[in-house]
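# Reading the structure
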Amino acid sequence: MKLFFHLGRYFILIKRVFSKPEKLSVYLKQIVHEIDNIGIGSLPIISIISFFMGGVITIQAAFGFTSPIIPLYALGFTTRESMLLEFSPTIVCLILAGKIGSNIASEIGSMRITEQIDALEIMGINSAGYLILPKILAAIFILPFLIAISMFLGIFGGYVMGIATGACNSYEFIFGIQAFFEPWKLYYSFTKVITFAFLITSISSYFGYYTQGGALEVGKSSTSAVVYSSILILVFNFIITQLFFT
Amino acid sequence: MIEIKNISKTFGDRLVVDDVSFAFEQGKTNLIIGESGSGKTTIMKMMVGLHEINGGEILYDGKNFPILPVKDKQEVRKQIGMLFQGGALFDSQTLEENIRFPLDMFTSMSEEEKRDRVNFCLDKVQLTNRNNLYPGELSGGMKKRAALARAISNNPKYLFCDEPNSGLDPKTSIVIDNLIQSLTHEFNITTIVITHDMNSVVEIGENVLYIYKGKPWWKGNGKDILHTTNPELLDFVFASGFMKEVFQAVNKK
């Protein structure tokens with residue numbers, strides 16, 4: 001029963017979020033602010049993780065490919081496929097669910113318990129729309145760019161590590177990352193990213209918006225936001241994969 | 001003018017507000033007083049639409065607020081300014097940004113007009129040239145004054161103040177009280193103040209409603225209250241023996 005209660009309340013909130021903004025110019029300003037907060041603020045961590053993960057994937061693949069039948073360019077191919085299909089769109093979004101999700105839930109939760117959301121409502125502002133819509137739109141806009149950077153840096157990390165460890169040479173790796181490329185896989189990846197961006201921001205906002213109590217409850221909302229966003233990312237990852245691959 | 005007619009509110013089985021009616025007059029400081037837990041904040045939250053009512057009517061110049069469509073409700077709310085107990089200033093914004101927020105949202109003022117209005121509001125609450133401070137850098141009294149500046153920035157017709165003196169020293173309390181009263185008279189606002197500060201009641205209470213256990217128990221003004229014979233109200237007013245002694249000494253004189 002509790003599940004239906006939360007689902008119902010979530011969809012009612014989403015309906016409020018997507019109602020007509022009071023003043024477009026103020027919302028646009030907020031979107032730019034959120035793009036900076038969500039996107040640019042996450043760039044350093046995403047870059048570091050992606051670079052090293054790409055490198056590790058290449059080294060592990062090189063260690064596993066012991067058969068002489070497997071060509072060396074398979075290293076580049078494997079790194080590209082891993083980064084494009086799963087690591088960048090899914091694992092990086094799981095990491096972002098932790099970073100952005102907890103940030104959003106605690107920010108909105110703190111505003112709730114200090115009556116700042118009530119203040120917005122009394123001014124005649126749709127608080128759900130003003131606080132949540134810019135975050136959702138900013139994430140949907142900026143996350144694909146972040147993930148593209150993650151993909152690039154992951155493959156680049158694989159290239160650097162591959163050459164540095166002597167696992168392959170430059171020509172073979174570059175040949176590998178170009179081999180058997182199918183563009184629809186990029187559509188698949190970015191469909192996932194846009195879906196996950198919506199899930200992370202809307203679920204985290206939901207938990208923050210309905211926080212009741214004090215600082216302890218803000219912490220609990222923040223934890224719930226990360227847990228439920230992560231679970232739903234995995235569920236939707238499965239659903240989208242099933243839709244694209246069958 | 002705001003009128004409440006027979007409003008009531010229950011939380012679960014508990015009746016918190018029971019059949020309360022009162023007329024809050026324009027251009028006057030209207031006070032709702034009562035002990036903690038008597039239902040006064042609930043009445044105010046119902047009046048501004050933060051709580052749904054279980055029965056009765058809340059009339060803003062004749063319009064029954066609770067049954068208005070969402071859009072019309074928002075139009076009424078644009079005419080409301082509210083001073084929250086904790087200030088409820090937006091932490092991440094400076095005082096200037098806080099005060100100009102309603103102007104950005106609802107007016108087509110130019111940047112210069114907005115800046116003038118912000119400075120005017122800050123002058124009114126004696127926070128001149130504090131435009132760039134953040135709420136975290138302000139004292140309790142300054143926060144209340146800044147919140148009051150935000151509440152009046154968009155020329156409200158109705159001003160709600162939830163315990164404006166809580167947590168303040170007597171001297172700062174008087175400053176806040178005087179500010180609320182002078183703004184009410186100057187701009188002809190319908191002001192509703194929730195308080196249990198007896199000093200405020202006597203000083204600025206032009207139209208007072210005493211709530212006892214969720215029921216309307218006494219109506220009058222701040223001066224009459226000292227001569228009441230209502231036993232519950234007497235208990236509330238003279239809860240401190242010191243206050244009683246002072247009052248008796250003044251009467252003897």
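Here, every reference points to the structure presented above.
Each value, and the rule that gives it
The residue numbering used here restarts from 1 in each chain and proceeds along that chain's sequence as written. All chains are assigned letters beginning with A, and all ligands numbers beginning with 1, in the order in which they are written. Given that this is a predicted model, residues contribute local features only at a pLDDT of at least 70 and side-chain atom pairs are listed and counted only at 80 or more, while totals for whole chains, interfaces and linings are drawn from all residues. With hydrogens and water excluded, all non-hydrogen atoms of the structure serve as input to the side-chain values. Any two residues whose heavy atoms approach within 4.5 Å at even a single point are treated as in contact. The buried area of a pairing is the accessible area, by a 1.4 Å probe, that goes missing from both parts when the two are put together, added over both. Salt bridges are identified by distance alone: a Lys or Arg side-chain nitrogen within 4 Å of an Asp or Glu carboxyl oxygen. Here a polar contact is taken to be a pair of N or O atoms separated by no more than 3.5 Å, where protein atoms must pair a possible hydrogen donor with a possible acceptor and residues adjacent in sequence count only if both atoms sit in side chains. Strands here are runs of E lasting at least two residues and helices are runs of H or I lasting at least four, both read from the DSSP assignment and numbered beginning at the N terminus. Under the grouping applied here, Gly and all other residues not named as nonpolar or charged are polar, the nonpolar ones being Ala, Val, Leu, Ile, Met, Phe, Trp, Tyr, Cys and Pro and the charged ones Asp, Glu, Lys and Arg. Only rings of Phe, Tyr and Trp enter the pairing, Trp through its six-membered ring, and a pair is recorded when the two centres are within 6.5 Å. The plane angle decides the type: under 30 degrees is stacked, over 60 is edge-to-face, the rest tilted. The classification of residues rests on relative accessible area computed with a 1.4 Å probe and restricted to protein chains. Under 20% of the type maximum is buried, over 50% is exposed, and intermediate values are partly exposed. Only when DSSP finds a minimum of two bridges between them are two strands counted as paired. Where helices are involved, their axes are fitted lines through C-alpha atoms of the stretch in contact, as for all axes, and angles between N-to-C directions lie from 0 to 180°.

## Notes on the interface of chain A and chain B
Across the contact, 18 residues belong to chain A and 25 residues belong to chain B. Here chain A meets chain B over a buried area of about 1,800 Å², counting both sides, of which 63% is carbon and sulfur. On inspection of chain A and its partner chain B, the count reaches one salt bridge. Where Glu-121 of chain A meets Arg-77 of chain B, a salt bridge forms, and the shortest distance between an N and an O atom there is 3.5 Å. Counting every contact that joins chain A to chain B gives three residue pairs in polar contact (both at pLDDT 80 or more). Mapped by element, the contributors of at least two residues to the side of chain A that touches chain B are helix H2 (24-64) and helix H4 (116-122) of chain A. At six residues, the largest contribution of residues to the side of chain A that touches chain B is made by H4 of chain A. For the side of chain A that touches chain B, the class distribution of residues is nine nonpolar, four polar and five charged.

## Some details on the packing of aromatic side chains
Residue and element names in this part refer to chain A. On inspection of all chains with the given rule, the structure shows 26 aromatic pairs over all chains. Centre to centre, the rings of Tyr-171 and Phe-175 are 6.2 Å apart; their planes meet at 25°, and the pair counts as stacked. Of this pair, Tyr-171 and Phe-175 both sit in helix H6 (residues 170-178), separated by four residues, roughly a single helical turn. On the numbers, 5.3 Å between centres and 80° between planes, the contact of Tyr-209 with Tyr-210 is edge-to-face. The buried category is assigned to Tyr-209, whose relative accessible area is 3%. Accessibility expressed as a relative area gives 26% for Tyr-210, which makes it partly exposed.

## Topic: H6 of chain A
One side-chain oxygen at the N-terminal end of H6 of chain A lies 3.2 Å from the backbone nitrogen of Tyr-171 of chain A; it belongs to Asn-169 of chain A. Backbone geometry just after H6 of chain A places Phe-180 of chain A at a positive phi near 50°.

## Comments concerning the sheet that holds strand S4 (residues 55-60) of chain B
All names here are of chain B. Within the open sheet, the four strands sit side by side as S2-S1-S4-S5. Their pairing is antiparallel. Each end of this open sheet is capped by a strand with a single partner; those strands are strand S2 (14-24) and strand S5 (63-64). Direction of pairing for strand S1 (residues 2-11) relative to S4: antiparallel, over a ladder of five bridges. Within S4, the residue paired with Ile-4 across the bridge is Ile-58. Across the sheet, helix H1 (residues 40-48) is in contact with S1, S2 and S4; its angle to S1 comes to roughly 115°.

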